[in-house]
Structures are given as C-alpha cells and as structure tokens.
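Report on the structure
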Amino acid sequence: MSSTTAASRPARRSRSTRPEDEYLGAGPSFGYGFQHVLTMYGGIIAPPLIVGGAAGLSSGDQALLVACCLFVGGLATVLQSFGVKFFGSQLPLVQGTSFAGVATMTAIVHGGGGIQAVFGSVMASAVIGFLVAPFFARIIRFFPPVVTGVVITTIGLTLFPVSAQWAMGGAAVAAKGDEHTIFKNVCLAGATLLIIMLLSKVRSAIVSRLSILLGIVLGTVLAFLLGMADFSKVGDGAVFAFPQPFAFGPPTFEPAAIISMTIVVLVILTETTADIIAVGEIVGTDVDRRRIADGLRADMGASFISPIFNGFTQSAFAQNVGLVAITGVRSRFVVTAGGVIMLLLGLLPGLGRVVAAVPVPVLGGAGIVLFGTVAASGIRTLGKVKYAGTPNLIIVATSIGIGMLPIVAPTIYAGFPGWFETIFHSGISSAAVAAVVLNILFNEIRIGNPPEGSGSVFAEAPVRYVPVEALEHLQSHLQEGDTVKDGKLLDAEGNEVPVITAAGEVVPAPLTQEIPQVRKDQGEH
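Just so you know, these numbers come straight off a predicted model, no measurement behind them.

Brief notes about the nonpolar core
General note: in soluble globular proteins, nonpolar side chains tend to be found buried as a group. In terms of nonpolar packing, the biggest core is built from 99 residues, with Tyr 41, Ile 50, Phe 99, Phe 312 and Phe 371 touching the most fellow members. Sorting elements by how many residues they give to this core places helix α11 (residues 255–283) first, with 12 residues. Not counting chain neighbours up to four residues away, the residues in contact with Phe 371 comprise Ile 50, Phe 99, Gly 156, Leu 159, Phe 160, Val 162, Ser 163 and Trp 166.

A closer look at the environment of Ile 206
Within the secondary structure layout, Ile 206 lies in helix α9 (residues 205–209). On the basis of relative accessibility, which here comes to 36%, the residue Ile 206 falls in the partly exposed class. Along the sequence, Ile 206 and Thr 39 sit 167 residues apart, while their C-alpha atoms lie 9.0 Å from each other.

A few points about the packing of aromatic side chains
In the structure shown here, the tally under the stated rule is 16 aromatic pairs. When the centroid spacing of 5.3 Å and the interplanar angle of 75 degrees are considered together, the rings of Phe 71 and Phe 242 count as edge-to-face. Of this pair, Phe 71 sits in helix α3 (residues 59–81) while Phe 242 sits in the loop between α10 (211–225) and α11, and the two are 171 residues apart along the sequence. Since its relative accessible area comes to 54%, Phe 242 is described here as exposed. Plain terms: the ring middles of Phe 224 and Phe 231 are 6.3 Å apart, the flat faces sit at 55 degrees to each other, and that makes the pair tilted. Given a relative accessible area of 52%, Phe 224 falls into the exposed group.

Cut-offs used in this document
Along each chain, the written sequence defines residue order, and numbers are assigned to residues from 1. Side-chain atom pairs in this predicted model are given and counted only at pLDDT of 80 or more, local residue features only at pLDDT of at least 70, and totals for whole chains, interfaces and linings cover all residues. Here the side-chain values reflect all heavy atoms present in the structure, with hydrogen atoms and water set aside. Here, nonpolar core means buried Ala, Val, Leu, Ile, Met, Phe, Trp, Tyr and Cys residues that are tied together by side-chain atoms lying within 4.5 Å of each other. Burial status follows relative accessibility: with a 1.4 Å probe on protein chains alone, a residue under 20% of its type maximum counts as buried, one over 50% as exposed, and anything between as partly exposed. Numbering of helices and strands starts at the N terminus; helices are DSSP runs of H or I of at least 4 residues and strands are runs of E of at least 2. Whether two residues are in contact is decided by their heavy atoms, any of which lying within 4.5 Å being enough. Classification of ring pairs rests on two measures: the distance between centres of Phe, Tyr or Trp rings, Trp counted by its six-membered ring, which must be within 6.5 Å, and the angle between planes, read as stacked under 30 degrees, edge-to-face over 60 and tilted in between.

Okay, here's the thing in structure tokens:
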C-alpha cells in the first residue's frame, strides 16, 4: 500500500494539528494496520519458538507461547500508539517481543531456572526500566552508537547457532547425529533460504518486504509435499481462547537472571528512544523528553504485564518504522488498528498451533536471514561510529570478542560462581557490560588516553596509497571525494595519497591531468 492511496481517501483530523493524529477511517486504518502486522509477523513469532524450544516445551505449549506473544504485542501496540496519560508516545510505533532478550532468556533457561525464572526476570527488570524511564534521557549518553551497535550486532551473531540447529532439524536430531536426516533437513532449510532470496528480488515492494513470511509459508508447503510436515495436531484444542494467566506456573525471581535481563532492558530503552526520535522525524512531529519518557513507560509497563499472560519483554519494531517512511502513512490510529488485529490473532490458539507445526528446518532457513538482519542492523549502527583518532575500534573489537566467548565455548565460565555464569553465559550480556565499561573507560574518563586525535595503535587504519604502475589507469583507483589538483592526488579530506613502488618506496609522480572531485557514482567500479 502506498501513501498515494492513503492520500486519495477522505481523511479526518482531530482537533489536534499533529500529523500523526490524522484518522483515515476504519477501513483504510485496518487495511494499513494489517500490513504492519504482516511486516513484523516473522519477527514476533521467532522469540517464543526459540525460548520455548530451549525450555523443552511441547509443540502445544510453544503454540500457546506464540498466541500469548501476539496478544501481548497487540496490547503493547495499542498502549504505545493510542496512549493514555503518562503511557504511550502516541506515535505510529508497533510493539512486539524483543529479539534483544532472546539469547539472555535462553541462557537463563539453560542455567536451570526454567521458563518461570525467565518470566520473573522479565517482570523485575521491567520494574527497574519503568523507574529509570523518566531519567533515561540523562544516562543515554552511556549508550552511544559504539555501545548499541556492539550489542545489536552481538544479538544477531549469538542467534546463529539457533538457526544452525533448526536447519539440522532441532536439538534432538542434531544430538542424534543421523547424517541422512540432517542432510534432508539442511536441504529443506537451503530451499527456504533460496525462496526468500528470490522473493527479495521481486519488483513488488510489498512482496519483497514480506519475503521472510512468504518464504516460511512456501517452505512449509514444500515440506508438506515432501512429507516432512505434520499438521495432524493443528485441529486439537480450542479455536478461540483467552490467554490463561501464568499458564506455566508462578514466576520465580533469581537475582543473577534479573541482572542479566536488566542489562537487556537498558539496551531496549536505548533502541526504543532511537525509534521514537526516528519516527517523530519521519512523521514530522515534535518529540520532547516527556514524550520519550511516556513511550518508555509504555514499553516497560507492557513488559511487566507480559509475563502474566505468558509473554516476554516488549519493544518497538524498527522494521515498522521503516514501513511508515516507505508508505508515508503517518496516522497512529493505523498502528492502533494493527494492535487490535494482533490482539484478535492472540485469541486464536489454533493459529499458534499452525505456527508451531511449521517444520523446524524451514525456520532454520528463514532464521539465517532473520538473525543476519539483526546483526546487519548492528553493523549499520557501528558504521556511524567515528574510528579515526579515537579508541572506538578497540572498544568494538574487545566487546564483540568477549560476547562471542560463551557462544563458541559454552562452558568457559563453568568454574565461576553461579551468579557470574548466569550473567556472562549470555553473549549479549557479556558484550553489553564490556562495551559500556570500555566506553566509560576510554571515552568518558579521558585521563591516560593518547593525545586527542591520535587514537590508539589498534585504531589506525592502513595508509592508503596508489601503486606507481596503476597511474596509467588512475580512474579505476579513485574513491568518492578524490581530486587531482596541482599534480597531486588528494582524498576527500584533502590529504595527499602517496604513490609507492613495488619495493615500498614513495616516489614523486606528478599528475598532469586535473580531475574534479569524484562523486559516489563515479567512484564505484
């Protein structure tokens, strides 16, 4: 759906002059709202499947988790977009189960606390996040892109073992080691991945955006035709049901698990703050400190209620922020309608059973893209970081390295105290703690740092040069911003690019042809 279609329909405005308060009518609102649900559907069903699988839940219980996460996501979306006093940014922001906490929740489950400890840590950390929300604008300085980029990248990287295990057919199949079964499962995962890639190449913007969801559907159809899918239990159970509170028992509260989830919550608060600011700029409305605090309180309030209905930590979905920019539909009531749709889907446990029946290898193929997208988002954030003349490269390198340790060697902290192992067994918690501490050490406490602008030996990039033999084909060696002036090659910052022989000797090689500054499209070959 496009903004042109929206603009062609009669729209009503409230007494407010804010663009997000535009009301398009019930039909268009639910139509555009359904598009938001489809855009984030693949992302919202993955966390309950991952955590439920780690907890050893049956397919029926995993179906219940999926339905509950849809229900809670709908509640959170309505609260965030429609809003009540002190709760909700009243912006077109879609809420759902956050990917940021998946690895940490899985670590809590594996630590022996079970899913009850996960629910307890989500509730307790949400209370802490709620109390911090009004003051978060003051401490957000400790979560610059060098920190959030590390954490988001690590979130994606730590989930790849899950994708690999899914592609093999699940933990039980991987442990059994049946090579023939694993071969068939990996081929199915590869076919699903190929379908997603092909759909991403389709000219239709809507199909491309829904490529992961459509890939899962088509991959499941392929699995059914190959006899690798079983939907015999989809019809078992109620068609319509309200989520049972505390269906898995009362939550338990373990200090180490709460600390781990609190670290995740601080990251989520940072992400949601960025999403609120971003969607405010897209919509063209004012976003002040009070509005950010209201949005964060909605996040944390929904996250506190979530475990009561068997859900997890809630946060804004960045892909839906992008959808607002693409469609140009700025009405918050469109997103509210999407929240109502999610609420209704959450009341249909049969839908959860369908999702739970999707063959695990199909999810493995989709997971490669889904989790890779999370990692790529973190890399994009790290691309905004200044590295020249700063210690940021060593912060990034060390933090990601520490975050990967428990992923490549899960027993590395086995000999440490239980509370330490629970916190640092999660690669996300490990990376987040390291990034925050190192950022404070290097960027906040400047005592002992190298002189301003000199950075560290780890941050120095290789010196750029042009081989003397390449002067005859200089055009192919130019980069964006390069110029040839007064017989010298200058980069975008005006620094001379030396000419070097094969022996490594810098030689004078005056250039006679003047070349104006190279634009991006000219510098790409």
